Amino acid sequence: GYTFYKPKTEEEQQKIGSFFSLLDQKINLQSEKIQNLTLYKKGLLQQVMSREIRFKDSEGREYPEWEEVKLGRIAEINMGQSPGSETYNEENIGLPLVQGKGDIKDRVTVPQRYTSKPTKVVNKGSLIMTVRAPVGYMSKCNQKVCIGRGVCEIKPNINTDFVYQIMILQETNWGKLEQGSTFTAVSKSDIENLVFEV
């Protein structure tokens, strides 16, 4: 088993405990700052998307009014397809496999296993959204991967970062659909038929 060592003096124990407690406090303060900044960003994003806040062109003029479109008109949706489980491996053979939210951390793909026979391949920089509970969680692909049936690729034909931000704002709406229902997945047409103003 694990051997536990302790300093003999109370003073050394106290110094070690206090030092790391101080670091914990700093970490907690940073976490609070991140949470506050995330909420601030969300509020600003909602104001921009509802056009309470407008950007202006280089001459200081208003941009034209936005138009209502379905996501399927501004992006190609590619549903994931899971390879056979016999192709899964942890020896880095083939491509990393993104199956769902478990393969995403801090909005970036961090696959836990590989597949030696990739089915649907997605390139670095693409947008990936979970299509099974939790539905609608957005991330960016930071490497070439294979996507399984728990996710889809959203490939915009307009500014990718703009679409990414709209889809992050949309996340809570997917969550509302899930609550109190048997709703656990969305189809390609559900995603294509999302309506936005752009």
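Predicted model only: the values in this text are computed from it and were never measured. (Residues numbered from 1 in each chain as written. Predicted model: local features only at pLDDT ≥ 70, side-chain atom pairs only at ≥ 80, totals over all residues. Heavy atoms only, no water.)

Considering the sheet that holds strand β3 (residues 88-89)
Judged by pairing direction, the sheet is mixed, and its 5 strands sit side by side in the order β3-β7-β4-β11-β8 without closing on themselves. Sheet topology places β3 and β8 (120-122) at the edges, where each strand pairs with a single neighbour. Of the strand pairs in this sheet, β8 and strand β11 (residues 145-147) are connected by 3 bridges, and their pairing is antiparallel. Bridge pairing in β11 places Val 121 opposite Cys 146. (Pairing = 2+ DSSP bridges. Helix = DSSP H or I, 4+ residues; strand = E, 2+ residues; numbered from the N terminus.)

Describing unusual backbone geometry
Cis peptide bonds are those with omega within 30 degrees of zero, and the linkage from Ala 133 to Pro 134 qualifies with -5 degrees. Tracing the sequence through the fold places Pro 134 in the loop between β9 (127-130) and β10 (138-140). Of note, Asn 92 is a non-glycine position whose phi angle comes to about 60 degrees, a positive value. Along the chain, the position of Asn 92 falls in the loop between β3 and β4 (95-98). Overall, the relative accessible area of 52% leaves Asn 92 in the exposed class. (Buried < 20%, exposed > 50% of the residue type's maximum accessible area, 1.4 Å probe, protein only.)

A closer look at the packing of aromatic side chains
On inspection of all chains with the given rule, the structure shows 2 aromatic pairs. When the ring of Phe 19 is compared with that of Phe 20, the centres are 5.0 Å apart and the planes differ by 85 degrees; the resulting orientation is edge-to-face. According to the relative accessible area criterion, Phe 20 is partly exposed, its value standing at 48%. Measuring from centroid to centroid gives 6.1 Å for Trp 66 and Phe 162, while their planes differ by 75 degrees, and the two rings are edge-to-face. Note that Trp 66 is positioned in the loop between α1 (10-49) and β1 (68-70) and Phe 162 in helix α3 (residues 160-178), a separation of 96 residues in sequence. Owing to a relative accessible area of 24%, Phe 162 belongs among the partly exposed residues under this scheme. (Phe/Tyr/Trp six-rings, centres within 6.5 Å; stacked < 30°, edge-to-face > 60°.)

Quick notes on the side chain of Asn 89
Secondary-structure assignment places Asn 89 in strand β3. We classify Asn 89 as buried; its relative accessible area is 10%. Within the structure, Asn 89 has its side chain in polar contact with the backbone nitrogen of Glu 91 (distance 3.1 Å). At 3.3 Å, the side chain of Asn 89 and the backbone nitrogen of Asn 92 are in polar contact. (Polar contact = N/O pair within 3.5 Å; in protein donor to acceptor, adjacent residues only side chain to side chain.)

Overview of the confidence of the model for the chain
Of all residues in the chain, 96% have pLDDT values of 70 or greater, and the mean over the chain is 92. Put simply, strand β13 (residues 195-197) is where the chain has its lowest mean pLDDT, 85, and β11 is where it has its highest, 98. (pLDDT = per-residue confidence, 0-100.)

Quick look at the nonpolar core
If you look at the biggest cluster of nonpolar residues, it comprises 25 residues, and the most contacted ones within it are Leu 71, Met 129, Met 138, Ile 154, Met 167 and Ile 191. Breaking this core down by element, the ones donating at least two residues are α1, α2 (71-74), β2 (75-79), β9, β12 (151-156) and α3. Of the residues forming this core, the biggest block, 7 residues, is contributed by α3. Leave out the neighbours within four places in its chain, and Met 129 touches Gly 136, Tyr 137, Met 138, Gly 150, Val 151, Cys 152, Ile 154, Met 167, Trp 174, Val 186 and Ile 191. (Core = buried A, V, L, I, M, F, W, Y, C linked by side-chain atoms within 4.5 Å. Contact = heavy atoms within 4.5 Å.)

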